[in-house]
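# Close look at the chain arrangement
Residue strings, one per chain:
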Amino acid sequence: MGRTGVVPYAAWQKKLVKSVSPPSATGVAPYAGGLFDFTIRRLVIVLNDMKITKLEVYILRAPDTGRPHWVSHFIVPRANEILVRMHTDEGIEGIGISTSYTPIEAAIHAFRGGIADLVVGEDPLAPESLYQKLFGLTWQRFAHEKGWSREALVRISAAVDIACWDVIGKAAKLPLYRLFGGYRSEVPCYVTCAYYRDGKSLAELRDEMQMLKAQGHQGFKAKAGGVSLAEDMQRLELVREVIGDDKDLMVDVNRGWDLATAIEGARLLEPLRPRWLEEPVRWADDRRELKLLAQKTRIPLSAGESELTSYACRALLEEQAIEILQFDCTMMGGFTEGRKLAALCELNHVQVAPHHDCFIHAHIVAASPAGCIVESFTDPERDPLQAELFEDPPKIANGWLHLKEQPGLGLTLSAKALAKFGERIV
Ligand SMILES: [Mg+2]
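All figures in this text were calculated on a predicted structure; none of them were measured in a lab.

What follows concerns the overall build of the protein chain. Within the protein chain, the regular secondary structure consists of 16 helices and 16 strands. A total of 426 residues make up the protein chain; the buried ones form 46% of that total. When contacts within the protein chain are restricted to residue pairs at least 6 apart in sequence, those whose partners lie at least 24 apart make up 72%.

Below you can see the structure in the form of structure tokens.
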């Protein structure tokens, strides 16, 4: 399928002259027409500088309901995100998102301190270059003088990178999952559930599970590690009973157990046949403890969402601690690093099941043979942004997310949701 007309003829001729100083007076005469014409048009996309002209930045927050969602030992924010709208001199706009468990004020500080000025003027078609520029600030005196924290810089570099890739996909007129490899166009999708909430009874847990089952899900990830093993087993047995034997059950401890408890927890869980056990052990030495736990259970172990770098995710693979990697492109690395990790997983026979933001991560999962499944939050009380942020997101039905053919991320921001959840920062 020819994709001519990416850039109008006159425009690309001018850009080619500007960019690569061709040998002839007209610049393109020796190659005009046919296949050569098409080839040069595609080259122009790569060689020509596109420029980022402006970043619009919003913080997305949801109103406090007064009844937070707890995992094993901390509250997960319902919405705590940076939204970047990237404008370019080609008139293409890209969007990027970054999410965080920790207060987002550090990122606000960096934006108000002028970090967007380092992005304006850069080429969105060179995401590796821009990512290295922003991530590299984490070891530069300049960033320290500005008071930009390491975590804020990691989050911001992720959001900017995703916006770059959205622009690239739109410039190439391809959805990102096709640009990344196009392994398949629909991906399995599960729902995360069974949070701890003050006063939540087993009857309420049953209602929640029935509501989510009625939505058609085929996989359910339940929280654990916040109460005694005996109480957790009661909860998880109820979850298994409601969803039935033919559905997938995953268990997520959010780094809540010590190694001994994790070994005993895994032993008790085996009859419930979890598809995976996620972040079972405390953070401090989790790579080594995951490896030790893996030697004592047949349940596949997973981790990755808490890592701040792709190098740390690589270390999980090197330790042979996990069978499923759960990096989050919106928390660190963007697609630039996420694609490298997906390739690393494929070569190491580890599956990719990214954390959160299914409409973004579906592109990575669909593009790679290592892509396993995406995580959704279809209870709007838990994640109002999944429900409302985009006008026409990909459909989730019967345990599958169906990717769309619109270029880039294929996502359109809802003006209504932006007005409801967003606060313009710069
Ligand atoms: Mg998790």
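Next comes the rest of the description.
The strand order β5-β4-β1-β16 describes an open sheet built from four strands, whose pairing is antiparallel. Since the sheet does not close on itself, it has two edges, and those belong to β5 (93-99) and β16 (422-424), each with one partner. Put simply, the sheet's adjacent strands are angled 25° from each other on average, direction ignored. As paired strands, strand β1 (residues 52-61) and strand β4 (residues 80-88) are joined by nine bridges and run antiparallel to one another.

It is worth spelling out helix α3 (residues 105-112) at this point. Within α3 the residues assigned to the buried category are Ala107, Ala110 and Phe111. End-on, the buried residues of α3 take up no more than an arc of 95°, which puts them together on one face. Of the residues in α3, the exposed ones pointing more than 90 degrees away from the buried face are Glu105 and Arg112. Of the surrounding secondary structure, the elements contacted by the buried residues of α3 are β1, β4 and α6 (150-172).

Another point: the nonpolar core. Residues Val84, Leu153, Ile156, Leu301, Leu325 and Ala362 are the most contacted members of the largest nonpolar core, which totals 117 residues. With 14 residues, the top contributor of residues to this core is α6. Mapping this core onto the domain boundaries places at least three of its residues in each of domain 1 (52-173) and domain 2 (178-412).

At a closest axis distance of 11 Å, the pairing of helix α9 (residues 229-243) and helix α10 (residues 259-269) adopts a crossing angle of 30°. Our classification of the angle between α9 and α10 gives roughly parallel. The handedness of the crossing between α9 and α10 comes out as right-handed. Residue-level contacts link Leu229, Met233 and Leu236 of α9 to Thr261, Glu264, Gly265, Leu268 and Leu269 of α10. For the contact of α9 with α10, the class distribution of residues is five nonpolar, two polar and one charged.

Below, the discussion takes up the pairing of β1. Bridging between β1 and β16 involves three bridges; their strand directions are antiparallel. If you follow Leu60 over to β16, its bridge partner there is Gly422.

Glancing now at the environment of Leu316. Looking at the secondary structure, you find Leu316 in helix α12 (residues 310-318). Residue Leu316 is classed as buried on the basis of its C-beta count, with 23 C-beta atoms lying within 10 Å. In the structure, Leu316 is positioned 28 residues away from Arg288 in sequence and 8.8 Å away in space, judged by C-alpha atoms. Apart from residues no more than four positions distant in its own chain, Leu316 is found in contact with Arg287, Ala303, Gly304, Ala321, Ile322 and Leu325.

Within helix α14 (residues 358-367), 10 of the 10 residues are buried, leaving the element largely enclosed by the surrounding structure. All of the buried residues along α14 are Cys358, Phe359, Ile360, His361, Ala362, His363, Ile364, Val365, Ala366 and Ala367.

Detailed reading of the predicted model is not advised wherever pLDDT is low. For the protein chain, mean pLDDT is 90; residues scoring 70 or higher make up 89% of the total. Counted against residues more than four places away or in other chains, residues 1-46, with its pLDDT under 50, gives 38 contacts.

Now for the environment of Ala106. Counting through the fold element by element, Ala106 comes out in helix α3. Ala106 sits 47 residues away from Leu153 along the chain, and the two C-alpha atoms are 8.9 Å apart. Once residues lying within four places of it in the same chain are set aside, the contact partners of Ala106 are Ser149, Glu151 and Ala152.

In terms of residue burial, β5 counts as a mostly covered element, since six of its seven residues are buried. With seven bridges joining them, β4 and β5 adopt antiparallel strand pairing. Across the sheet, the residue bridging to Leu83 is Ile97, located in β5. What sits between β4 and β5 in their antiparallel hairpin is a turn of four residues, with Gly91 showing a positive phi close to 80°.

A separate point is the packing of α3 against α6. Relative orientation and spacing of two packed helices are given, respectively, by the angle between their axes and the distance between those axes. In contact at an axis separation of 8 Å, α3 and α6 are set at 75° when each is read in the N-to-C sense. Taken together, the axis directions place α3 and α6 in an arrangement best described as roughly perpendicular. Between α3, through Ala106, Ala107, His109 and Ala110, and α6, the contact on the second element is made entirely by Glu151, Ala152, Leu153, Arg155 and Ile156. Looking at the contact of α3 with α6 residue by residue, the classes come out as six nonpolar, one polar and two charged.

What counts and what doesn't
Residues numbered from 1 in each chain as written. Predicted model: local features only at pLDDT ≥ 70, side-chain atom pairs only at ≥ 80, totals over all residues. Helix = DSSP H or I, 4+ residues; strand = E, 2+ residues; numbered from the N terminus. Buried ≥ 20, exposed ≤ 12 C-beta atoms within 10 Å, placed from the backbone. Contact = placed C-beta atoms within 7 Å. Pairing = 2+ DSSP bridges. Axes fitted to C-alpha atoms, helices over the stretch in contact; angles between N-to-C directions. Arc of directions from axis to C-beta. Core = buried A, V, L, I, M, F, W, Y, C linked by C-beta atoms within 7 Å. Domains from an automatic or database assignment. Parallel < 35°, antiparallel > 145°, perpendicular 65-115°, else oblique. Left-handed = near helix turned anticlockwise from the far one by under 90°. Nonpolar A, V, L, I, M, F, W, Y, C, P; charged D, E, K, R; others polar. pLDDT = per-residue confidence, 0-100.

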